[in-house]
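Structural features, examined
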Amino acid sequence: MNEPSPADALPEVQLPGLVEDEAFRFDSSLEFERAELNHLRDVWKEKSRAKGFATRADFDARTIKSFMRNVTILDVLAQPDGGRRYRYRYFGSSIVEVFGEQTGHFIEEFIPPDKMARWTAGHDLVVLSGRPLRFCISYNSPAINYLSSESLVMPLADDSGTVVMLMCCLYFGPKRT
């Protein structure tokens, strides 16, 4: 008989309505249209089962090889005011094709200022809850307003359980009307 894991006992994620709109949705159900994202969600759950969290070491190149083109890894940097900044440690090649190379850049150097609240809120939800989220985005920026994406954003913790990185896997598709 399977014992519930510490990850199963985490509280439900509360989503802030003010940062969501028809173009940007968070979803804690983690039911993806893309089979690859459902598979990676299951890998994260398995890796986090024993401790209640997954670490960066749990996701070596062999484990995520088939996802690498679609992965970003962000460092979570705590700020003196209690907030967080996010810096791209890795930016997969399929994402580079759309947004350009962002490795080493902070998220606010790349996301338009009027979109920062929703991006920060989504990432903060993952960090503070220790649970993955599904992001569904319909892009409105003129250069990419024909695209949408579905992504899985997963917390990665240090050995003490503090979330220090986010691993995101996203797939682009045509914008839905």
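What you see is a predicted model, and the numbers here were worked out from it, not measured in a lab.

What follows is about the confidence of the model for the protein chain. Summary statistics for the protein chain give a mean pLDDT of 85 and a share of 87% for residues scoring 70 or more. Long-range and interchain partners of residues 1–18, a stretch whose pLDDT sits below 50, account for 27 contacts in this model, where long-range means more than four residues apart.

This part takes up the side chain of D75. Inspection of the secondary structure assignment puts D75 in strand β2 (residues 71–78). You can call D75 buried: its relative accessible area is 8%. Within the structure, D75 has its side chain in polar contact with the side chain of R89 (distance 2.8 Å). Residue contacts for D75: discarding those within four places in its chain leaves R85, Y86, R87, R89, V164 and M165.

Turning our attention to the pairing of strand β4 (residues 133–138). Of all the six residues making up β4, five are buried; the element is thus mostly covered by neighbouring parts of the structure. The sheet contact formed by strand β1 (residues 24–27) and β4 spans four bridges and is antiparallel. Bridge pairing in β4 places D27 opposite R134.

Another point: the sheet that holds strand β3 (residues 84–91). Read from one edge of the open sheet, six strands run β1-β4-β5-β6-β2-β3, paired in antiparallel fashion. Edge positions in the open sheet fall to β1 and β3, since each of these has one partner strand only. For this sheet the average axis-to-axis angle between neighbouring strands, irrespective of direction, equals 25°. For β4 and strand β5 (residues 147–157), the ladder comprises six bridges, and the chain directions are antiparallel. Among the inter-strand pairings, F135 is bridged to a residue of β5, identified as S151. Strand contacts of helix α1 (residues 35–48): β5 and β6 (163–174), with the helix running at about 10° to β5, the strand carrying the most contacts. Along the sheet face, helix α4 (residues 116–129) touches β1, β2, β3, β4, β5 and β6 and points at about 90° away from the line of β3.

Cut-offs used in this document
- Residues numbered from 1 in each chain as written.
- Predicted model: local features only at pLDDT ≥ 70, side-chain atom pairs only at ≥ 80, totals over all residues.
- Heavy atoms only, no water.
- pLDDT = per-residue confidence, 0-100.
- Contact = heavy atoms within 4.5 Å.
- Helix = DSSP H or I, 4+ residues; strand = E, 2+ residues; numbered from the N terminus.
- Buried < 20%, exposed > 50% of the residue type's maximum accessible area, 1.4 Å probe, protein only.
- Polar contact = N/O pair within 3.5 Å; in protein donor to acceptor, adjacent residues only side chain to side chain.
- Pairing = 2+ DSSP bridges.
- Axes fitted to C-alpha atoms, helices over the stretch in contact; angles between N-to-C directions.

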